[in-house]
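# Observations on the three-dimensional arrangement
If you want the building blocks of each chain, they are given just below.
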Amino acid sequence: MTSTPYTPEELFASTAPYYARYRPGYAPEFYELLTERFHLDGTQRALDLGSGPGILALQLAPLLGQVIAVDPEKGMLEEGRRLAAERGITNIDWREGDSTTLPTMSIGPVLLTVMGAAYHWTDREQVPRDLDHIIEPGGAIVLASGGAPGDLSPAPWREVVDRVRTRYLGPERRAGKGTYSHPKERHQDVLARSPFSQIETDRWDYTLTRTVDEVIGWVFSLSYSSPAQLGNKKAAFEEELRKALLGFAPSGRFDETIRTEAVIATRP
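My aim in this report is to walk through the structure given alongside it, one point at a time. (Residues numbered from 1 in each chain as written. Predicted model: local features only at pLDDT ≥ 70, side-chain atom pairs only at ≥ 80, totals over all residues. Heavy atoms only, no water.)

Let's shift gears to the overall build of the chain. A count of helical and extended segments in the chain gives eleven helices and nine strands. When the backbone C-alpha atoms are referred to their principal axes, the chain occupies close to 55 × 35 × 35 Å. Put simply, of all contacts in the chain between residues at least 6 apart along the chain, 81% involve residues at least 24 apart. Entry remark: accessible area of the chain is about 12500 Å², with carbon and sulfur atoms responsible for 50%. A distance of 5 Å separates the average location of the 30 positive side-chain charges in the chain from that of its 37 negative side-chain charges. (Helix = DSSP H or I, 4+ residues; strand = E, 2+ residues; numbered from the N terminus. Contact = heavy atoms within 4.5 Å. Areas by Shrake-Rupley, 256 points an atom, 1.4 Å probe, with all protein chains shown as cover. Lys, Arg positive; Asp, Glu negative; His and termini not counted. Charge placed at Lys NZ, Arg CZ, Asp CG, Glu CD.)

On to the packing of helix α7 (residues 157–169) against helix α11 (residues 234–248). One can describe the packing of α7 onto α11 by two numbers: an axis separation of 10 Å at closest approach and a directional angle of 150°. The angle between α7 and α11 places the two elements in the roughly antiparallel class. Considering only the axes of α7 and α11, their crossing is right-handed. Here W157, V160, V161, V164, R165, R167 and Y168 of α7 come into contact with α11, specifically with A236, F237, E240, L241, A244, L245 and F248. Within the contact of α7 with α11, the residues separate by chemical class into eleven nonpolar, no polar and three charged. (Axes fitted to C-alpha atoms, helices over the stretch in contact; angles between N-to-C directions. Parallel < 35°, antiparallel > 145°, perpendicular 65-115°, else oblique. Left-handed = near helix turned anticlockwise from the far one by under 90°. Nonpolar A, V, L, I, M, F, W, Y, C, P; charged D, E, K, R; others polar.)

The next point concerns the packing of aromatic side chains. Per the stated rule, a full pass over the model turns up eight aromatic pairs. For the pair W157 and F254, a centre-to-centre distance of 6.1 Å together with 80° between the ring planes defines the contact as edge-to-face. Placement of the pair is W157 in helix α7 and F254 in strand β9 (residues 254–266), with a sequence separation of 97 residues. Like F254, W157 is buried. Where Y168 meets F237, the ring centres are 5.4 Å apart and the plane angle is 85°; that geometry is what we call edge-to-face. Taken together, the positions of Y168 in helix α7 and F237 in helix α11 put the pair 69 residues apart, joining distant regions of the chain. Through successive ring pairs, a cluster of aromatic residues spans Y18, Y22, Y168, F220 and F237. (Phe/Tyr/Trp six-rings, centres within 6.5 Å; stacked < 30°, edge-to-face > 60°. Buried < 20%, exposed > 50% of the residue type's maximum accessible area, 1.4 Å probe, protein only.)

So, on to the side chain of E256. Here E256 is to be found in strand β9. According to the relative accessible area criterion, E256 is buried, its value standing at 6%. Setting aside residues up to four positions removed in sequence, E256 forms contacts with A155, W157, R158, Y206, T207, L208 and R210.

Attention now moves to the side chain of H120. Secondary-structure assignment places H120 in the loop between β4 (110–115) and α6 (126–131). Classification of H120 by relative accessible area gives buried; the value is 13%. Of note is the side chain of H120, whose polar atom sits 3.3 Å from the backbone oxygen of A117. (Polar contact = N/O pair within 3.5 Å; in protein donor to acceptor, adjacent residues only side chain to side chain.)

This part covers the layout of surface pockets. A volume near 240 Å³ is recorded for the second largest pocket. If you go around the second largest pocket, you meet 17 residues; those closest to its centre are A20, R23, G25, I55 and R87. Counting only elements with at least two residues in the lining of the second largest pocket, the list comes to α2 (16–22), α4 (57–60) and α5 (74–87). In terms of residues, the lining of the second largest pocket owes the most to one element, α5, which gives four residues. Per-class residue counts for the lining of the second largest pocket are nine nonpolar, three polar and five charged. (1 Å grid on protein atoms, 1.4 Å probe; cavity = no way out; pocket = protein on both sides within 12 Å on 5 of 7 lines; lining within 4 Å. Points joined across faces, edges and corners; volume = space filled by probe spheres on them.)

The structure is reproduced here in structure tokens:
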């Protein structure tokens, strides 16, 4: 997926403050589905693998006895701890690690393993095999995302963002010192070959309206247009992007259809 090795620090450290604030969350119906489907009653345990600053973990914590939030980036974990403290959430265990360290982390049995945008960075064949030793009978792997690229037509203002980003960072999606391309095979098809081969998919769409500041914050939350990628060009990039966005939409309102897609994979 990357042409040269990357480190989590290169990819994500500078995005952490923007990630939690400007990434759209998942639809409330997603959490309602998990509560009903798995009879969540405040006693179960879940693993949030590739948790980032806890977009999933913070919402799941009130539904569970414990959430173990695992991420390779210290800055993301620190942001997650800060947000949890702000909200008085005390049942999240924040741990540094990633999919490759799972077998040695003594996580113990969990009912659910949830992943947001993390699954496409992992060895998608190996991770379900490792999780087969962790997830309890009747449990599941749950992937939450905005759907696969191309599922939704992008909002017209995204072309403005892409145009400015290309001027500063080139046409390819950068990933640390290399470049990134999304895997062509859908997650569902990979999971169908795993121990968790029973797949169900649910989707919910809604319209999100952002201000120009919120669009810029969202752009900085992306690993391929992070402040670290931009370096000393960040201020100039932000100024040019703001001007281009307001030229496109002088009202300062930027609408977009946001999708929550839930892939639930269980054992047959």
